[in-house]
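# Results of the structural survey
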Amino acid sequence: MTNAKSYSRRSTLTMMMALPMVASCGPSSAAGSVVAQNTGAAPPTPAPTPTPTPTPSPVSARPRYHIAAPTGAWINDPQRPVKIRNAWTLWALCNPTYPTGGTEWRRWTSTDLVNWIDQGVSIPRRTTTFGDVWSGSTVVDVNNTAGFGAGALIALMTMPADDAGGQNQSCALWYSLDGGVTFAFYGIVLPNFPGHAAFRDPTVFWHGPTNRWVMTLSEQGKIGIYTSTNLKQWTYASDFLSNVVGDVMECSHLFKLHLYDADGTTSSDKWVLLVGGDGTARGFTGGTYYWVGDFDGTTFTAGNPEGQWLDGGADFYAAVVWTDPEAPDPLASAYSIAWMNNWAYANQLQPAGGYRGQLSIVRRLRLQRIGGVPRLLGTPLAAQNSVFDRSFAGTDQTIAEGTDYVWPANAGATALRIDLTLTRVGAAWPSGLWLSVRGGEGFFTQIGFDLQKNTAFIKRNASGPNAPDSDAWRKDRTVACDFSGGTATISLFVDAGSVEVFLNNGAATMSTLITAPARASGLKLNTVGGSVRVSGVAIASTG
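Please read all numbers here as calculations on a predicted model, not as lab measurements.

Conventions we followed
- Residues numbered from 1 in each chain as written.
- Predicted model: local features only at pLDDT ≥ 70, side-chain atom pairs only at ≥ 80, totals over all residues.
- Heavy atoms only, no water.
- Helix = DSSP H or I, 4+ residues; strand = E, 2+ residues; numbered from the N terminus.
- Buried < 20%, exposed > 50% of the residue type's maximum accessible area, 1.4 Å probe, protein only.
- Areas by Shrake-Rupley, 256 points an atom, 1.4 Å probe, with all protein chains shown as cover.
- pLDDT = per-residue confidence, 0-100.
- Contact = heavy atoms within 4.5 Å.
- Pairing = 2+ DSSP bridges.
- Axes fitted to C-alpha atoms, helices over the stretch in contact; angles between N-to-C directions.
- Core = buried A, V, L, I, M, F, W, Y, C linked by side-chain atoms within 4.5 Å.
- Phe/Tyr/Trp six-rings, centres within 6.5 Å; stacked < 30°, edge-to-face > 60°.
- Lys, Arg positive; Asp, Glu negative; His and termini not counted.
- Salt bridge = Lys/Arg side-chain N within 4 Å of Asp/Glu carboxyl O.
- Polar contact = N/O pair within 3.5 Å; in protein donor to acceptor, adjacent residues only side chain to side chain.

### Side note on the overall build of the protein
- Within the protein, the secondary structure is distributed over two helices and 34 strands.
- Scored against the burial criterion, the 543 residues of the protein give a buried share of 60%.
- Within the structure as shown, the protein displays about 19000 Å² of accessible surface, and the carbon and sulfur contribution to it stands at 51%.

This is how it looks when you write it as structure tokens:
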């Protein structure tokens, strides 16, 4: 991705090594349309009254319930988790000496995909002549196809290999015999001759009908598809060509899910190709984009050349997707986690909490027809509430212009979850409604609604001090969302440096970083041009 300073994912990683981017809520969106928008026509946004701040006590600026870089370190792409016995293992690219040095694979484990334990480094940087370890994927080789033993973990990943005979950005194989605690280097298994600029992010899965492994790979203007029977020798099979979201689509994932109708029934399965893309030319920014179609073991064919954004916020990139092989129905839903950042300003963000970067929470993905269009619906996990230790129930209230919602005492917090339902009063929605969080010291972050026009937006240009000097940061991000039925449900996750919004049971989502002061915790919900019923208010928080 590019920004005002011409940073990109590859140039940033190379710089480190060289130194000592939404689904619609309903049928109101046209089939095949890109529904994550920046319309520039959001309703006027009244600034909340500044929230007085009491005498401060020390408050940590680190995330309370997100995976984040260790103190002093940098984190970016997550690597697809695998299930080992009864726990999940996830790796992510980390640089402990940013901006010098390079990336390594650091490991976290979890039994519930919510509470993660940092287990340290699995693959150190610069342990071979091929350079650092970049993004890839790991599989459990149940049938010993690679010859390292049944159940061995095999990781295929990009290594820059700048000095290896022109093998710039080649695919390397590492293997683990101790459950992913450590890995040993095997070698380059898919060399990149004559050194194309883009040849990275291999994602591998087993395709049962053809009895072989399939890899998707980021290349110039396309996603390359390769096959192998042993994970060591790879054969080109086909490619998926598109420039809809830039010249290079990164961090691709190809996976299969049931396609559900609105009544919960399913009669077919579909394949989804998901990538990290640059939506700047389309009025968006970097984000996660996907197509729904068919895959025959060799070729992916999209049902519509125009795909969709998975998330309408500015900070949901390099997403990984996986299913639970032990689930009663592994194709019923998938999981996803992403890097919460954007290459347009990632290098400008100040480490207010002593860390550089975090991941999103894990969300569940379900493929469902909305208005006749297959869309991925994203919802938080039920276990997510386990991270909170306090809860408040708000009263049902009707709010109108000049009569704001009255929150329970002490409901505001640095890290919290808010769930509520809005119900239309009378024949029309009010002309504008705003939910502001993390208010204090003159700052706030706002989730706004133009309910009459079926859109919602997130505004963070006043979220806090030391914000990046980037249009991609300052722009409001808008999603289409069908509120014509007279109700809107909101699930909002707020942490020290982030906000994640789930609307109408995940039919639209927005994820964004913020730079709020550590003690800012004010809440405000107000409306103009009518009245609205607010009900089912539940707040959970942690210190």
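### Examining the confidence of the model for the protein
- In the predicted model, the protein carries a mean pLDDT of 91, and the fraction of residues at 70 or more is 88%.
- This stretch, residues 1-7, has a pLDDT under 50; its non-local contacts, to residues over four places away or in other chains, come to 20 contacts.
- Considering only residues more than four positions removed or in separate chains, one finds that residues 15-42, a stretch of pLDDT under 50, has 108 contacts.

### Structural notes on the sheet that holds strand 8 (residues 170-176)
- Sheet architecture is open: four strands sit in the order 6-7-8-9, paired in antiparallel fashion. Bordering the open sheet on either side are strand 6 (136-141) and strand 9 (184-190), each of which pairs with just one other strand. Mean inter-strand twist for the sheet, computed between neighbouring axes without regard to direction, equals 25°.
- Pairing analysis gives five bridges linking strand 8 to strand 9, with the strands arranged antiparallel. Its bridge partner being in strand 9, Tyr175 is matched across the sheet by Ala184.

### A closer look at the nonpolar core
- Counting residues in hydrophobic clusters, the biggest one holds 38 residues, and the most contacted among them are Trp407, Leu492 and Leu503.
- Excluding anything up to four places from it in sequence, Trp407 contacts Ile418, Leu420, Leu435, Leu523, Lys524, Leu525, Val537 and Ile539.
- Core analysis: the next-biggest nonpolar cluster, separate from the first, contains 37 residues, Tyr65, Ile75, Phe388 and Ala540 among them.

### Brief notes about the pairing of strand 2 (residues 74-84)
- Burial analysis of strand 2 places ten of its eleven residues in the buried class, the great majority of the element.
- Judged from the seven bridges that link them, strand 2 and strand 3 (residues 87-95) form a sheet pairing that is antiparallel. Within the sheet, the bridge partner assigned to Ile84 lies in strand 3 and is Ala87.
- Counting the residues between successive antiparallel strands, the hairpin from strand 2 to strand 3 contains two residues, one of them, Arg85, with a positive phi of roughly 55°.

### Digging into the environment of Ala318
- In this fold, Ala318 is placed in strand 19 (residues 317-322).
- The class of Ala318 is buried, set by a relative accessible area of 1%.
- Along the sequence, Ala318 and Ser252 sit 66 residues apart, while their C-alpha atoms lie 8.3 Å from each other.
- With residues up to four places along the chain from it excluded, the contact list for Ala318 reads Asp77, Pro78, Cys251, Thr288, Ile337, Ala338 and Trp339.

### Comments concerning the packing of aromatic side chains
- Scanning the model with the defined rule gives 30 aromatic pairs in all.
- When the centroid spacing of 6.1 Å and the interplanar angle of 55° are considered together, the rings of Trp74 and Trp339 count as tilted. You can see Trp74 sitting in strand 2 and its partner Trp339 sitting in strand 20 (residues 334-339), a full 265 residues away along the chain.
- For Trp74, a relative accessible area of 1% gives the class buried.
- Plain terms: the ring middles of Phe130 and Phe185 are 5.7 Å apart, the flat faces sit at 45° to each other, and that makes the pair tilted. On the criterion of sequence distance, the pair formed by Phe130 in the loop between strand 5 (117-123) and strand 6 and Phe185 in strand 9 is long-range, its members being 55 residues apart.
- Through a chain of ring-to-ring contacts, the aromatic side chains of Phe240, Phe284, Tyr289, Trp291, Phe300 and Trp309 assemble into a single cluster.

### Side note on the side chain of Glu104
- By the element assignment, Glu104 lies in strand 4 (residues 104-110).
- Arg106 is the oppositely charged side chain nearest to the buried, salt-bridge-free Glu104, at an N-O distance of 4.4 Å.

### Quick look at the environment of Ser218
- On the secondary structure map, Ser218 appears in strand 11 (residues 212-219).
- Between the alpha carbons of Ser218 and Val248 there is a distance of 6.7 Å; along the sequence they are 30 residues apart.
- If we ignore the near neighbours within four places in the chain, the residues touching Ser218 are Ala198, Phe199, Arg200, Asp201, Ile223, Met249, Glu250, Cys251 and Ser252.

### Considering the sheet that holds strand 5
- Pairing is antiparallel across the open sheet formed by four strands, whose spatial order is 2-3-4-5. Unpaired on one side and paired on the other, strand 2 and strand 5 mark the two borders of the sheet. Sheet twist, expressed as the average angle between the axes of neighbouring strands with direction ignored, equals 30°.

### Comments concerning the side chain of Asp77
- By the secondary structure assignment, Asp77 is in strand 2.
- The exposure class assigned to Asp77 is buried, which follows from its relative accessible area of 0%.
- A polar contact of 2.7 Å, which involves the side chain of Asp77, links it to the side chain of Ser135.

### A short note on the pattern of salt bridges
- Applying the stated criterion to the full structure yields 18 salt bridges.
- With a shortest N-O distance of 2.8 Å, Asp261 and Arg369 are connected by a salt bridge. Here Asp261 is found in the loop between strand 14 (250-260) and strand 15 (266-278), whereas its partner Arg369 is found in strand 21 (residues 363-370), with 108 residues between them in sequence.
- What makes Arg369 partly exposed here is its relative accessible area of 29%.
- With a shortest N-O distance of 2.7 Å, Arg474 and Asp471 are connected by a salt bridge.

### Describing unusual backbone geometry
- Between Tyr98 and the following residue, Pro99, the backbone shows a cis peptide bond with an omega angle of 5°.
- Locating Pro99 in the fold gives a position in the loop between strand 3 and strand 4.
- One non-glycine residue with positive phi stands out, namely Asn211, at about 55°.
- Structurally, Asn211 is set in the loop between strand 10 (199-207) and strand 11.

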